[in-house]
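Chains, contacts and geometry: an overview
Below are the chains, spelled out letter by letter.
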Amino acid sequence: MLTTGYQTIKNYHHHENHKSHHTHDRKTAAGGPEIESRGTRKIKVVRRVLDANDIMARKNRDFFKDQNVFVLNMMSSPGSGKTTTLEKTLAHIMPDIKSAVVVGDICTTNDADRLSKTGVPVVQINTDEFGGDCHLAAHVIEKSLQGLDFENIDLLIVENIGNLVCPAEFDIGEDARVVVLSVTEGEDKPAKYPLMFRVCDAVLLNKTDLLPYLDYDREAAIKYIQQVHPGMPVFEISARTEDGFEEWLDWLKESITAKLGR
Amino acid sequence: MHEMGVAMQIIEIATASIPEDMKGARVERINLKVGKLSAIVPDSLGFCFEIAAKETQLEGAELVIEEIPVTARCKDCDNEWTIDSPVFSCSRCQSGSIELLSGRELDIDSIEVKED
Ligand SMILES: Nc1nc2c(ncn2[C@@H]2O[C@H](COP(=O)(O)OP(=O)(O)OP(=O)(O)O)[C@@H](O)[C@H]2O)c(=O)[nH]1
Ligand SMILES: [Mg+2]
Ligand SMILES: [Zn+2]
Ligand SMILES: [Zn+2]
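Residues numbered from 1 in each chain as written. Chains lettered and ligands numbered in written order. Predicted model: local features only at pLDDT ≥ 70, side-chain atom pairs only at ≥ 80, totals over all residues. Heavy atoms only, no water.

1. What to know about the overall build of chain B
Cut-off, in case you're wondering: Segments assigned H or I by DSSP are reported as helices when at least four residues long, segments assigned E as strands when at least two residues long, and all are numbered from the N terminus. Values of the radius of gyration come from C-alpha atoms, whereas the globule rule sets the reference at 2.2 Å times the count of residues to the power 0.38. Here's how the labels work: a residue is buried when its accessible area is under 20% of the maximum for its type, exposed when over 50%, partly exposed in between, all with a 1.4 Å probe on protein chains only. When checking whether two residues touch, look at their non-hydrogen atoms; a contact exists if any pair is within 4.5 Å. Note on areas: Shrake-Rupley with a 1.4 Å probe; residue coverage comes only from the protein chains shown. Positive charges come from Lys and Arg alone, negative charges from Asp and Glu alone, with His and the N- and C-terminal ends not counted. Where a charge sits is defined by one atom per residue type, namely NZ (Lys), CZ (Arg), CG (Asp) or CD (Glu).
In terms of helices and strands, chain B carries two helices and six strands. Helices and strands in chain B line up, N terminus first, as α-β-α-β-β-β-β-β. A compact globule built from 116 residues would reach a C-alpha radius of gyration of about 13 Å, whereas chain B, at 18 Å, exceeds it by more than 25%. Overall, chain B is about 55 × 30 × 15 Å in size when its C-alpha atoms are taken along their principal axes. Every one of the 116 residues in chain B was classed for burial, and the buried ones make up 56%. For chain B, long-range pairs separated by at least 24 residues make up 70% of all intrachain contacts whose partners lie at least 6 apart in sequence. If you sum the accessible surface of chain B, you get close to 5000 Å²; carbon and sulfur atoms cover 48% of it. Averaging the locations of the 11 positively and 23 negatively charged side chains of chain B gives two centres separated by 4 Å.

Laid out in C-alpha cells, this is it:
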C-alpha cells in the first residue's frame, strides 16, 4: 500500500444530526499522530476535481439551449442494445423529429456505420484525451458538435461508451439521461451501480423477447431500480421486435416537447 | 477507470493552489474527499498519481483520501440520514422524494506544502 505513495483513511466521524463532519486521530504514513506545524503549511483548496468538466458541460448546455436542441445521453453496459434501440427509435421518429447522433465507439466505426444507414447525421468520437476510453467527457462532446448543422436538428442523441460506472459521473450538458439494461444482465445491476440509476431519468429494460428463454426475474430487477430511484419510469422493450416501443417513444416525444415547446 | 485523468487534474489544481510566496516548494500531502458513490478506485488513483507526479513539484506527495458517506435529506419530512445500502428512500417515512447531501464528492480539500 505505502509503495503507491498514499493511504486511505476511514476516520470519518458522523454526528447525530448528520449535518457536520470532521476528521480526527489522523495517522501519518509512519503511523504516528500528524503534527501539522512541523515545517509545513496547510492550504485550503476545496475544489471539485471534475470542475473543468462541469464548466464545459454548462457551456454545452447553454449552447444546446441557444440552438433549441434536445440532448439525450444514452448509457448502458457494453452490448445492452443502445445502438439497436437507437436504430429502431430513429426509424420511428424521423423525419418528424430531426435527429442527429454522436456515438462514442472507441475502436471501431461499426456503430456509426449502422446508425448512418438510418439517414441521420452521425458523428463518431474516437479518443478521449481525458485519459480513457471509459466515458465521454463534456469537452469531447463539444468538439464533436462542429460538423453538425443545428439549424436542422431538434434532437441530438449521444450514445455513450458501454460502461455503467464512469459515464454517470460526467455531465455532458444533456437534457435527459436514459440507461439501457438488458434482461441478459443480472437483476441486481441497479444495486451494484447505484449512481448510474440515480442520475438517469428513465430505464429501458431491453431484450424482453428473450425472457421465455431465461430465468430472469423481471420483478426483482424493477424492484432494485425502484429502490435506487423511486418513481423512475421503466420501459420494458425489445429492440428486436419493437415490443413496448410506444410508451418509450411517447416519453421521448413528451420530453422533447417539454423543452422545445413544440 | 479514468484515474489517470483525475490524477492529472489533481496535479493541475494543486499546483495552481500553491501560494505565490511558496512557488517551487515541495508539496508533501494532498487531502482529498471522495464520496462513496464516486467511481474512483483509491488504489489505482494512488498509482496513477505517483506516475503523473514524477518530475513535478508534487513528486512523492502523499494522497490522503477521506471517504465520505452517502447522506440524504427527505423532501417530505426533513429527515436526514446515512444511506449504507442501495436503497434511496426515506428511512423514516419511505418517501422517494429525497435530495443527496453527500456521497458524490471528488474534491481536493487542502494541500500541505513544505516551508523552508
Ligand atoms: N434478442 C435481442 N437481441 C438484441 C436486442 N437488442 C440488441 N440485441 C443484440 O445485442 C447485441 C448488442 O447490441 P448493440 O445494439 O450493438 O448494443 P450496444 O449497447 O450498442 O453495444 P456497445 O455499443 O458495444 O456497448 C447485438 O447482437 C444485438 O443484435 C433485443 O431487444 N433482443
Ligand atoms: Mg453501440
Ligand atoms: Zn471514465
Ligand atoms: Zn421522510
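Here the narrative resumes, following the displayed structure.
2. Focus on the coordination of the magnesium ion (ligand 2)
Residues and elements named next belong to chain A. What counts is decided by this rule: Note that water is not among the atoms considered, so a metal site may appear incomplete; the donors listed are N, O and S atoms within 2.8 Å of the metal, with 3.2 Å applied to Na, K and Ca.
Summarising the metal site, the magnesium ion (ligand 2) is bound by the protein donors T83 (OG1), D111 (OD) and E159 (OE), whose distances to it range over 2.1 Å. When the donors of the magnesium ion (ligand 2) are listed by position in the chain, the intervening gaps give T-x27-D-x47-E. Placement of T83 in helix α2 (residues 82–93) and of D111 in helix α3 (residues 110–116) is noted, with a sequence separation of 28 residues between them. Of the two residues, T83 and D111, neither departs from the other in class, the shared state being buried.

3. Overview of the sheet that holds strand β7 (residues 122–124) of chain A
All names here are of chain A. The line we're drawing: When DSSP finds at least two bridges between two strands, those strands are taken to pair. Working convention: axes come from line fits to C-alpha atoms, limited for helices to the stretch in contact. Angles between N-to-C directions cover 0 to 180 degrees.
Within the open sheet, the seven strands sit side by side as β7-β6-β8-β5-β9-β10-β11. Their pairing is parallel. Each edge of the open sheet is held by one strand with a lone partner, namely β7 and β11 (234–236). Between one strand and the next, the sheet's axes are offset by a mean angle of 20 degrees, whatever the strand orientation. Where strand β9 (residues 176–182) meets strand β10 (residues 202–206), five bridges bridge the pair, whose relative direction is parallel. Along β10, the bridge assignment pairs V180 with L204. Contacts from α2 reach β5 (70–76), β6 (99–103), β8 (155–159), β9 and β10 within the one sheet, and its direction differs from that of β8 by about 165 degrees.

4. Quick word on the coordination of the zinc ion (ligand 3)
Put simply, the rule reads: Sites are called tetrahedral only when four donors show all angles between 85 and 135 degrees, square planar or octahedral only when four or six donors show opposite pairs over 155 degrees and all other angles between 65 and 115, and irregular in any remaining case.
Protein coordination at the zinc ion (ligand 3): the donors are C134 of chain A (SG), H135 of chain A (ND1), C166 of chain A (SG) and H2 of chain B (ND1), at 2.0 to 2.5 Å from the metal. The coordination sphere of the zinc ion (ligand 3) comprises four donor atoms, whose angles at the metal cover 84 to 139 degrees; the geometry is irregular. Placement of H135 of chain A in the loop between β7 and α4 (138–144) and of C166 of chain A in the loop between β8 and β9 is noted, with a sequence separation of 31 residues between them. Of the two residues, H135 of chain A and C166 of chain A, both sit in the buried class.

5. Side note on the site of ligand 1
Residues and elements named next belong to chain A. We apply this condition: Proximity criterion: a residue is near a molecule or strand once any of its heavy atoms comes within 4 Å of it. Two N or O atoms count as a polar contact when they lie within 3.5 Å, although within protein this holds only if one can serve as hydrogen donor and the other as acceptor, and sequence-adjacent residues are included solely when both atoms are side-chain atoms. We call Asp, Glu, Lys and Arg charged. Ala, Val, Leu, Ile, Met, Phe, Trp, Tyr, Cys and Pro are nonpolar, and the rest, Gly among them, are polar.
In the region of ligand 1, 19 residues are neighbours, and K82, T83, T84, D209 and A239 sit closest. The contact in question runs from an oxygen atom of ligand 1 to an N or O atom on the side chain of T84, over 2.5 Å. Side-chain polar atom of D209 to a nitrogen atom of ligand 1: 2.7 Å apart, as the coordinates give it. Protein chains shield 71% of the accessible area of ligand 1, which is 650 Å² for the free molecule. Secondary structure elements with two or more residues in the shell around ligand 1: α2 and α3. Tallied by class, the residues present in the shell around ligand 1 amount to three nonpolar, nine polar and seven charged.

6. Quick notes on the sheet that holds strand β4 (residues 80–83) of chain B
All names here are of chain B. Taken in spatial order, the three strands make up an open sheet running β4-β3-β5, and their pairing is antiparallel. The strands lining the two open edges of the sheet, one partner per strand, are β4 and β5 (98–102). The average angle at which neighbouring strand axes cross in this sheet is 35 degrees, direction not considered. With four bridges joining them, strand β3 (residues 70–74) and β5 adopt antiparallel strand pairing. Bridged to C74 within β5 is I98.

7. What about the packing of aromatic side chains?
Two numbers describe a pair of aromatic rings. These are the distance of the centres and the angle of the planes. Residue and element names in this part refer to chain A. For clarity, the threshold we go by: Working definition: a ring pair exists when centres of Phe, Tyr or Trp rings (six-membered ring for Trp) sit within 6.5 Å. Plane angles under 30 degrees give stacked, over 60 give edge-to-face, the rest tilted.
The tally for this structure, following the rule as stated, stands at five aromatic pairs over all chains. Relative to W251, the ring of F235 lies with its centre 6.0 Å away and its plane at 55 degrees, an arrangement referred to as tilted. Here W251 lies in helix α8 (residues 245–260) and F235 lies in strand β11, a separation of 16 residues in the sequence. Each of the two residues, F235 as well as W251, counts as buried. Note on W248 and W251: the rings are 6.1 Å apart at their centroids and 25 degrees apart in plane angle, and the pair reads as stacked. Highlighted residues: W248 and W251, both in helix α8, separated by three residues, approximately one helical turn. When its relative accessible area of 17% is taken as the criterion, W251 is described as buried. Here the aromatic cluster, defined as three or more aromatic residues joined through ring pairs, consists of F63, F64 and F150.

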